[in-house]
Amino acid sequence: MKQIALIIIVLVSLFSCNKTEKKIKEVKIVKTKKQDHSDFGFDYADFNVIQDTVKKGDTFGTIIEDQNIGDRKVYEIVQSVKDTFDVRVIRPNKAFTMLRSKDKTNKLQVFVYQPDALNYYIFDFRDSAIVAYKKTRPITLKRRTIGGVLKGSLSETLDKAGVDAGLASQITKIYSWTIDFFKLKKGDRFGIVFKERYINDSIYNGVDELEASFFEYKGKISYAFPFSKDASSGKIEYYDDEGKTLKNFFLKTPIKFSRLTSRFTMNRFHPVQKRWKAHKGTDYAAPTGTPITTTASGVVEMTGYTAGNGNYVKVKHNGTFATQYLHMSKILVRRGQRVNQGDVIGRVGSTGLATGPHVCYRFWKNGVQVDPLRLNLPTGEAMTGVNKAQYLAKIEPLKRELDSIGNL
């Protein structure tokens, strides 16, 4: 019996040793991983690390007061950091990190709040005086060139290429005077040279700037290059390959990302009245609430409602031209108000005689309604003199680069 008992004791001891050894190894593995991980300028191996996000209803005060911060009062902490950080700007779903001491007290040493991927605030509790400061992660710019043929809309094509959606909006704005992007079609060629931002050289942070681009539109190539004619102001405008501004007196359309559903005609079958009559406007369909922008600067001449037009706004641009925007769900300007090209003046709706949400865009020249798509409308100024010479020299290598994309 003694021998059996001795054997059992030995086996239990061996099993316990193996189990203890296994636990020790597991701790070492975690410790090794922590030694390899640092952020915000701190080595995580020196702390107990807690990472979380701000919950709805949380404040800086409620988060801090639940931590082991010794005799310090939340009010005193808030007062000591107010010159660096307004505690009221903490928002739900934003990340924060707490670094605690590794001794028995598990005391809060450092609190880090991240309002976005680029910036963060550090609150250091390790000394008697609390230190608070803001830091920004290093940004690296990487140049990228894409092009070929459109595989759908511009947004779809850029999305498939993994490009930030903001670039499509930027390009649409740049070309808004010269290209109707609703009329671009699959197979049209394009080329874009731009820079992207990367945080810590690895985390994608969107598009920084557009260097050059071209689009095939109605069989012609339309270029865009940024240039500042006044170095002191630094204001950037976009020009084509001959130094002509892309800005025209009028925008191509009053709505971004819509579709043309009915053109100006003297004989159209009215979908509501069920009879043939003139349609002296251009219809663009878009979801209810879509912003409607004035296509040129001017003064709001009329706003109101009629049974046929619904809610409408009419803008007088000068002694020659005026435009009108019908069927709005909401009017956002008042009579006599000065508006600039591209300002939002209303929202798409289906008020008045309309079968669905759209804007009917009407255009007057010398008091007569005309088709704006058939007009040679006034353009912006062309570059001249020294500016033009500097510009053409600057864009020469960029244009060669774009042309090489187009020939692929």
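The rules behind the values
- Numbering of residues begins from 1 in every chain and follows the order in which that chain's sequence is written.
- Per-residue local features of the predicted model are confined to residues with pLDDT of at least 70, and side-chain atom pairs are confined, for both listing and counting, to 80 or more; whole-chain, interface and lining totals are unaffected and use all residues.
- Here the side-chain values reflect all heavy atoms present in the structure, with hydrogen atoms and water set aside.
- Each reported salt bridge corresponds to a side-chain nitrogen of Lys or Arg within 4 Å of a carboxyl oxygen of Asp or Glu.
- Helix numbers and strand numbers start at the N terminus; a helix is a DSSP run of H or I with at least 4 residues, a strand a run of E with at least 2.
- Relative accessible area decides the class of each residue, using a 1.4 Å probe on protein chains only: under 20% of the type maximum gives buried, over 50% gives exposed, and in between gives partly exposed.
- Under this definition, polar contacts are N or O atom pairs within 3.5 Å; protein pairs additionally need one hydrogen-donor-capable and one acceptor-capable atom, and for neighbouring residues in sequence, both atoms have to be side-chain atoms.
- For two strands to be treated as a pair, DSSP must find at least two bridges joining them.
- Working convention: axes come from line fits to C-alpha atoms, limited for helices to the stretch in contact. Angles between N-to-C directions cover 0 to 180 degrees.
- Among the buried residues, those of types Ala, Val, Leu, Ile, Met, Phe, Trp, Tyr and Cys that are joined through side-chain atoms within 4.5 Å form a nonpolar core.
- Any two residues having at least one pair of non-hydrogen atoms within 4.5 Å are treated as being in contact.
- Values of pLDDT, ranging from 0 to 100, describe the predictor's confidence in every residue of the model.
- Site definitions follow a grid-based scheme: protein atoms alone, a 1 Å grid, a 1.4 Å probe that fits but cannot get out for cavities, and for pockets an open set with protein on both sides within 12 Å along at least five of seven lines, plus lining residues having an atom within 4 Å of a point.
- Grid points are joined across faces, edges and corners, and a volume is the space filled by probe spheres set on the points.
- Side-chain classes are defined by residue name, with Ala, Val, Leu, Ile, Met, Phe, Trp, Tyr, Cys and Pro counting as nonpolar, Asp, Glu, Lys and Arg as charged, and the others, Gly among them, as polar.

Enquirer: Help me understand the pattern of salt bridges in this model?
Expert: Taken as a whole and assessed by the stated rule, the structure comprises 18 salt bridges. The shortest N-O distance in the salt bridge between Arg-143 and Glu-211 comes to 2.9 Å. Of this pair, Arg-143 sits in strand S8 (residues 139-149) while Glu-211 sits in strand S10 (residues 203-217); the two residues are 68 residues apart in sequence, bridging distant segments of the chain. A residue is classified by how much of its surface remains accessible, and Glu-211, at 14% relative accessible area, is buried. Residue Glu-401 is joined to Arg-143 by a salt bridge in which the shortest nitrogen-to-oxygen separation is 2.8 Å. Residue Glu-401 is found in helix H6 (residues 385-406), and its partner Arg-143 is found in strand S8; the two are separated by 258 residues along the sequence. By relative accessible area, Arg-143 is classed as partly exposed at 45%. A single network of salt bridges, built from pairs that share partners, joins Arg-143, Lys-195, Glu-209, Glu-211 and Glu-401.

Enquirer: Even after reading the chapter, I still don't get the side chain of Thr-245, so can you show me in this structure?
Expert: Considering the arrangement of structural elements, one finds Thr-245 in the loop between strand S12 (237-239) and strand S13 (259-262). Here Lys-247 takes part through its backbone nitrogen, which lies 3.1 Å from a polar atom of the side chain of Thr-245.

Enquirer: Where do I start with the sheet that holds strand S3 (residues 48-53) in this structure?
Expert: Taken together, 5 strands build an open sheet; the order of strands is S3-S4-S5-S6-S7 and the sheet is antiparallel. What marks the edges here is a single partner per strand, and that holds for S3 and strand S7 (131-136). Between one strand and the next, the sheet's axes are offset by a mean angle of 15°, whatever the strand orientation.

Enquirer: Just to check I follow, could you spell out the sheet that holds S12 for this structure?
Expert: Hydrogen bonding along the main chain pairs the strands of a sheet, whether they run parallel or antiparallel. Taken together, 5 strands build an open sheet; the order of strands is S8-S9-S10-S11-S12 and the sheet is antiparallel. Each edge of the open sheet carries a strand with a single partner, namely S8 and S12. Within this sheet the neighbouring strands show an average axis-to-axis angle of 25°, counted without direction. Where strand S11 (residues 220-227) and S12 come together, 3 bridges link them in antiparallel fashion. Along S12, the bridge assignment pairs Phe-225 with Tyr-239.

Enquirer: Explanation requested: the nonpolar core in the structure shown.
Expert: Side chains of nonpolar character tend, in soluble globular proteins, to be buried together. Ranked by size, the top nonpolar core spans 23 residues in total, and within it Leu-167, Ile-171, Tyr-175, Ile-192 and Phe-215 carry the most contacts. Going through the elements one at a time, helix H4 (154-160), helix H5 (166-174), strand S9 (189-199) and S10 are the ones with two or more residues in this core. With near-sequence residues (within four places) excluded, Phe-215 lies in contact with Leu-154, Ile-171, Tyr-175, Ile-179, Phe-181, Leu-184, Arg-189, Phe-190, Ile-192, Lys-220, Ile-221 and Ser-222.

Enquirer: Sorry, what's going on with the confidence of the model for the chain here?
Expert: When pLDDT drops low, the exact placement of atoms in the prediction is not to be read closely. Residues at a pLDDT of 70 or more form 85% of the chain, whose mean pLDDT is 83. The weakest mean pLDDT in the chain belongs to helix H1 (residues 2-35) at 41; the strongest belongs to strand S22 (residues 344-348) at 97.

Enquirer: It is not clear to me how the layout of surface pockets should be interpreted in this structure. Could you clarify?
Expert: Unfilled space is identified by rolling a water-sized probe across the atoms. Approximately 560 Å³ is the volume found for the second largest pocket. Of all elements in the fold, only H5, S12 and strand S17 (291-293) reach the threshold of two or more residues within the lining of the second largest pocket. Sort the elements by how many residues they give to the lining of the second largest pocket and H5 lands first, with 4 residues. Here the residues of the lining of the second largest pocket are counted per class, giving 13 nonpolar, 8 polar and 6 charged.

Enquirer: In this structure, what is going on with unusual backbone geometry? I would like to understand it.
Expert: The backbone of Asn-93 shows a phi angle near 70°, a positive value even though the residue is not glycine. By secondary structure assignment, the location of Asn-93 is in the loop between helix H3 (74-81) and strand S4 (95-100). Its identity as a non-glycine residue notwithstanding, Asn-200 has a phi of 55°, on the positive side. Along the chain, Asn-200 turns up in the loop between S9 and S10.

Enquirer: Would you take a moment to explain the pairing of S22 for this structure?
Expert: Consecutive side chains of a regular strand alternate in pointing toward one face of the sheet and then the other. The sheet contact formed by S17 and S22 spans 3 bridges and is antiparallel. Its bridge partner lying in S22, Thr-293 is registered against Val-344. Relative to S22, strand S20 (residues 321-331) runs antiparallel, the two sharing 3 bridges. Note on S22: the bridge partner recorded for Met-328 is Val-348.

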